[in-house]
Amino acid sequence: GRFSAPSKAVVSTQSTGFGAIQLAVSVTTEALRIGIIKAEGLIPVDMSGTLEPYCRILVHIGSELVHKKKTCIAEAINRSPVWEEFFTLDLPAKTLLCDVSLTIEIRDHLKNSRSTSYLLMGRVILSNSAPGHGQTHWEHICSQRGKLINSQNIFKKLV
């Protein structure tokens, strides 16, 4: 199938505001397809006020990390970066979808003279044990195996 009409998830940030990230996600027992489309309204969390955002994708089966990917750093014109990057991640044979957890972290890439690091801006968790609507959204994705689901999710503020 194709990716189309991505879902929009509201992601809390470490600042006082919220940003939104659009995702395209579908799952089968063989693979997890993820599209990181764009974000809107991100608020810089470092003192310089610049924004060099990227997303990190983590896929767990139970407590085991099975995939870790990241997007490229996007230009954040008007605090609204566009990635339009797609990943197809194979799942091990006999994977139970109720054991799969998908985490998308929105990070701000920081550069300084000594090292390269990041600040975590927000996190989206989709799984059977996710907080808020992340659980409902994941259950709906799983029930529609292989189909893209549109839904809005609100996630708790990072501490």
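Reading the values: rules and limits
Here the residue numbers are simple positions, counted from 1 along each chain's written sequence. This being a predicted model, a pLDDT of at least 70 is required before a residue's local features are given, and a value of 80 or more before pairs of side-chain atoms are given or counted; all residues contribute to the totals for chains, interfaces and linings. For the side-chain quantities, the full set of heavy atoms in the structure was used; hydrogens and water were omitted. Partly exposed describes any residue whose relative accessible area lies between the buried limit of under 20% and the exposed limit of over 50%, with all areas from a 1.4 Å probe on protein chains only and scaled to the type maximum. Only runs of H or I of at least four residues qualify as helices and only runs of E of at least two qualify as strands under DSSP, and these elements are numbered from the N terminus. Between any two strands, pairing holds if DSSP finds at least two bridges. Helix axes are fitted to C-alpha atoms over the stretch in contact, other axes to C-alpha atoms as well, and angles between N-to-C directions run from 0 to 180 degrees. We call two residues in contact when some of their heavy atoms are within 4.5 Å. By convention in these notes, a salt bridge is any Lys or Arg side-chain nitrogen within 4 Å of a carboxyl oxygen on Asp or Glu.

S.K.: Is there a simple way to think about the pairing of strand β3 (residues 31-40) in this case?
M.R.: The two faces of the sheet receive side chains in turn, since in a regular strand these alternate between them. Of all the 10 residues making up β3, 8 are buried; the element is thus mostly covered by neighbouring parts of the structure. Sheet analysis places β3 next to strand β6 (residues 82-90), joined by 7 bridges and oriented antiparallel. Note that in β6 the partner of Gly35 across the bridge is Phe86.

S.K.: I tried to follow the sheet that holds strand β4 (residues 53-61) on my own but got confused; where do I start?
M.R.: Across a sheet, strands are paired by hydrogen bonds formed along the backbone, either parallel or antiparallel in direction. Pairing in this open sheet of 4 strands is antiparallel, and the strands run β5-β4-β7-β8 from one edge to the other. Looking at strand neighbours, the two that pair on one side only are β5 (64-70) and β8 (116-127), the edges of this open sheet. Here the strands of the sheet are splayed against their neighbours by 25° on average, with no regard to which way each runs. Across the sheet, helix α1 (residues 133-143) lies against β7 (100-111) and β8, angled at about 65° from β8, the strand it touches most.

S.K.: Teacher, can you tell me more about the side chain of Arg107 here?
M.R.: Mapped onto the elements, Arg107 comes out in strand β7. In this structure, Arg107 is in contact with Glu52, Pro53, Tyr54, Arg56, Tyr118, Leu119, Leu120 and Met121, ignoring residues within four places of it in sequence.

S.K.: Would you mind showing me how to read the pattern of salt bridges here?
M.R.: Two side chains bearing opposite charge may form a pair once their charged atoms approach each other closely. Applying the stated rule across the entire model yields 3 salt bridges. With a closest N to O distance of 3.6 Å, Arg123 and Glu105 form a salt bridge. Taken together, the residues span a long stretch of sequence, with Arg123 in strand β8 and Glu105 in strand β7 at a distance of 18 residues. Take Glu105: its relative accessible area is 7%, and that puts it in the buried class.

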